[in-house]
2 protein chains.
Amino acid sequence: MGRASKGRPTDRPAPLIVMVRPQLGENIGMAARAMLNCGLSALRLVGPRDGWPNERAWRAASGADVVLDEARVFETVGEAVADLEHVVATTARNRELVQRIVTARQAALDMRGWIARGRKVGILFGPERTGLSNDDMVHADTALTIPLNPQFSSLNVAQAVLIVAYEWAAANDATLAERLADHATRPASKEELQNLFDHLERALDQSGFLRHEAMRPSMVLNLRALLQRAAMTEQEARTFHGVIKFLSKHKHEE
Amino acid sequence: MGRASKGRPTDRPAPLIVMVRPQLGENIGMAARAMLNCGLSALRLVGPRDGWPNERAWRAASGADVVLDEARVFETVGEAVADLEHVVATTARNRELVQRIVTARQAALDMRGWIARGRKVGILFGPERTGLSNDDMVHADTALTIPLNPQFSSLNVAQAVLIVAYEWAAANDATLAERLADHATRPASKEELQNLFDHLERALDQSGFLRHEAMRPSMVLNLRALLQRAAMTEQEARTFHGVIKFLSKHKHEE
């Protein structure tokens, strides 16, 4: 608790995480780390078994101290959610309660909508061994279940926090699903590629590789398609000019 | 290693997980647990620092022994991916390599497509401290980065395995994003609701609650809208009939 936190929370409004009767300090710490990884920083603890503060939590947080330093402790779930307007409860099992059940992904979309309208939102996570009780669940507007391998669905509480927090981050993330890391350089222009194809074609003609007139057209087209597919940068196109030049210049005997 | 595994893998074809030069047995075990949670079971290890088998891995796997029991060990990344047709490499940093970079979600969609076409797919995860080197990355068709809090993005390797495996599971999951847990009972029919509204209206008339003719119509409509919103089950509708009956019968003095 002494050392400064490595992590900084993002200042965008986000859901609170409420850990109900957590047992192991390590799990509280790992949950704090997972929260901060995903831009969440407000943590509430209801009756932590080993008391609070708990050194083991800080040791397991890998620098997410800001989350633990500012965690608030409550005696009951009711007190912990009193100031919230929407509550989501994570549960592995299906309960007797008649409740709206959503996937972690749908919950993230719900929460994004609520928070965009300025609502205060919290997510409940139950104790390691038993999960949330019906008395806990009834505080929630929505039950959240993470679809997993039915043969092996037992998830550590910190892992559950990670997945739910990750879905929140993903629902609010603007990262392109797909991009090309082209760093200093830029994609080759079609003209640059055209010049490269022409260079290759000339070299292959001189080498005799295209000597069979009948096969020549499809051969040329297929080689072009292959090089198109590589989506070269202009730098790589220049490199490839050199490759052709040197291969055709320095013939080695066979 | 002696005890039988609690978990069973699903038999649907899925990507292999390749952990490159992992340092801590605990992380290998937690990764195995995360894999099995998400229906993955094929694990390959490249040069695990503390040798293999490693008791610490089995202790951390919480029953996902089947993954560890069947894990294969290789000396180099090249050997570990030799029989694969598509390789995805997870990386936090942006490399010098010009490579296609996708989010974890996009990678899951890519892999679903490849595997649907019968391709053998593997996902590389790097060592705890350093991550994958460029020499490792160059084996991959695609680089995968998980968008996280830029202020605090360092993710434990087992957590990274969990998120990537979770996205795989989510991309192949048929769970309804949203449903109502209505267990034994069924939603109330509109006729049952109509009867309930009529019952309530009569009771409120008798009680004098609706005595102001001008306000009556909007009052009745708003109460109906409220009860509609609750999306009652037929069981709850019957319960509510009782509530109205008893409230209006047993008047308490004020």
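In this text, all values refer to a predicted model and were calculated from it rather than measured experimentally.

Focus: the domain arrangement of chain A
Okay, so step 1: Split by domain assignment, chain A resolves into domain 1 (16-170) and domain 2 (190-253).
Okay, so step 2: When each unit is reduced to the centre of its C-alpha atoms, the spacing between domain 1 of chain A and domain 2 of chain A is 58 Å.

Some remarks on the interface of chain A and chain B
Okay, so step 1: Taken together, the contact between chain A and chain B spans 56 residues of the former and 56 residues of the latter.
Okay, so step 2: For the pair chain A and chain B, the summed buried surface comes to about 4,600 Å²; carbon and sulfur atoms form 54% of the total.
Okay, so step 3: Broken down residue by residue, the surface that chain A buries against chain B is led by A:Asn37, A:Phe152 and A:Tyr166, which jointly contribute 16%.
Okay, so step 4: At the boundary of chain A and chain B, one finds four salt bridges.
Okay, so step 5: Linking chain A with chain B are 20 residue pairs in polar contact (both at pLDDT 80 or more).
Okay, so step 6: Where the side of chain A that touches chain B is concerned, the elements lending two or more residues are α1 (25-37), β5 (99-102), α5 (104-116), α7 (157-171) and β8 (178-181) of chain A.
Okay, so step 7: Bridge count between β8(A) and strand β5 (residues 99-102) of chain B: four bridges; the pairing is antiparallel. Of the residues in β5(B), the one forming a bridge with A:Glu178 is B:Val102.

With respect to the nonpolar core
Okay, so step 1: Judged by nonpolar contacts, the single largest core of 91 residues is most densely connected at A:Leu43, A:Ile146, B:Leu43 and B:Ile146.
Okay, so step 2: Residues within four places of A:Ile146 in sequence aside, it is in contact with A:Ala104, A:Leu155, A:Ala160, A:Ile163, A:Val164 and B:Tyr166.

Looking at the sheet that holds strand β3 (residues 72-74) of chain A
Okay, so step 1: Here we have eight strands laid out as an open sheet, ordered β3(A)-β2(A)-β1(A)-β6(A)-β4(A)-β7(A)-β5(A)-β8(B), and mixed in their pairing. Taken across any chain shown, the strands that pair with only one partner, and hence form the sheet edges, are β3 of chain A together with β8 (178-181) of chain B. Adjacent strand axes in the sheet meet at a mean angle of 30°, parallel and antiparallel pairs treated alike.
Okay, so step 2: Each of β1 (16-20) and β2 (43-46) of chain A is contacted by α1(A), which is oriented at about 165° to β1(A), the strand it contacts most.
Okay, so step 3: Sheet contacts for α5(A): β4 (86-90), β5, β6 (121-125) and β7 (142-144) of chain A together with β8 of chain B; angle to β5(A), the most-contacted strand, approximately 110°.

Things to note about helix α10 (residues 234-249) of chain A
All names here are of chain A.
Okay, so step 1: Between its terminal C-alpha atoms α10 stretches 23 Å, which fits the 22 Å expected from 16 residues at 1.5 Å a residue.
Okay, so step 2: Within the span of α10, buried status applies to Glu 234, Ala 237 and Ile 244. Projected down its long axis, α10 carries its buried residues within an arc of 65°, all on one side. When the buried face of α10 is taken as reference, the exposed residues oriented beyond 90 degrees from it are Arg 238, Thr 239 and Leu 247.
Okay, so step 3: Contacts from the buried residues of α10 go to α8 (190-207).

Points about the pattern of salt bridges
Okay, so step 1: On inspection of all chains with the given rule, the structure shows 30 salt bridges over all chains.
Okay, so step 2: B:Arg238 serves as the salt-bridge partner of B:Glu234, at 2.9 Å between the closest nitrogen and oxygen. Residue B:Glu234 and its partner B:Arg238 are located together in helix α10 (residues 234-249), separated by four residues, close to a single helical turn.
Okay, so step 3: Classification of B:Glu234 as buried rests on a relative accessible area of 16%.
Okay, so step 4: Overlapping salt bridges bring together A:Asp198, A:Glu201, A:Asp205, A:Arg216 and A:Arg224 as one network.

Comments concerning the packing of α7(A) against helix α7 (residues 157-171) of chain B
Okay, so step 1: With their axes 11 Å apart at the nearest point, α7(A) and α7(B) run at an angle of 60° to one another. Relative to α7(B), the element α7(A) is oriented oblique. In this structure, α7(A) meets α7(B) at a crossing whose hand is right-handed. Residues A:Gln159, A:Leu162, A:Ile163, A:Tyr166 and A:Glu167 of α7(A) touch α7(B), and the partners they reach there are B:Gln159, B:Leu162, B:Ile163, B:Tyr166 and B:Glu167.
Okay, so step 2: For the contact of α7(A) with α7(B), a count of residues per class yields six nonpolar, two polar and two charged.

Thresholds applied
Residues numbered from 1 in each chain as written. Chains lettered and ligands numbered in written order. Predicted model: local features only at pLDDT ≥ 70, side-chain atom pairs only at ≥ 80, totals over all residues. Heavy atoms only, no water. Domains from an automatic or database assignment. Contact = heavy atoms within 4.5 Å. Buried area = accessible area lost by both parts, 1.4 Å probe. Salt bridge = Lys/Arg side-chain N within 4 Å of Asp/Glu carboxyl O. Polar contact = N/O pair within 3.5 Å; in protein donor to acceptor, adjacent residues only side chain to side chain. Helix = DSSP H or I, 4+ residues; strand = E, 2+ residues; numbered from the N terminus. Pairing = 2+ DSSP bridges. Core = buried A, V, L, I, M, F, W, Y, C linked by side-chain atoms within 4.5 Å. Buried < 20%, exposed > 50% of the residue type's maximum accessible area, 1.4 Å probe, protein only. Axes fitted to C-alpha atoms, helices over the stretch in contact; angles between N-to-C directions. Expected span 1.5 Å × (residues − 1). Arc of directions from axis to C-beta. Parallel < 35°, antiparallel > 145°, perpendicular 65-115°, else oblique. Left-handed = near helix turned anticlockwise from the far one by under 90°. Nonpolar A, V, L, I, M, F, W, Y, C, P; charged D, E, K, R; others polar.

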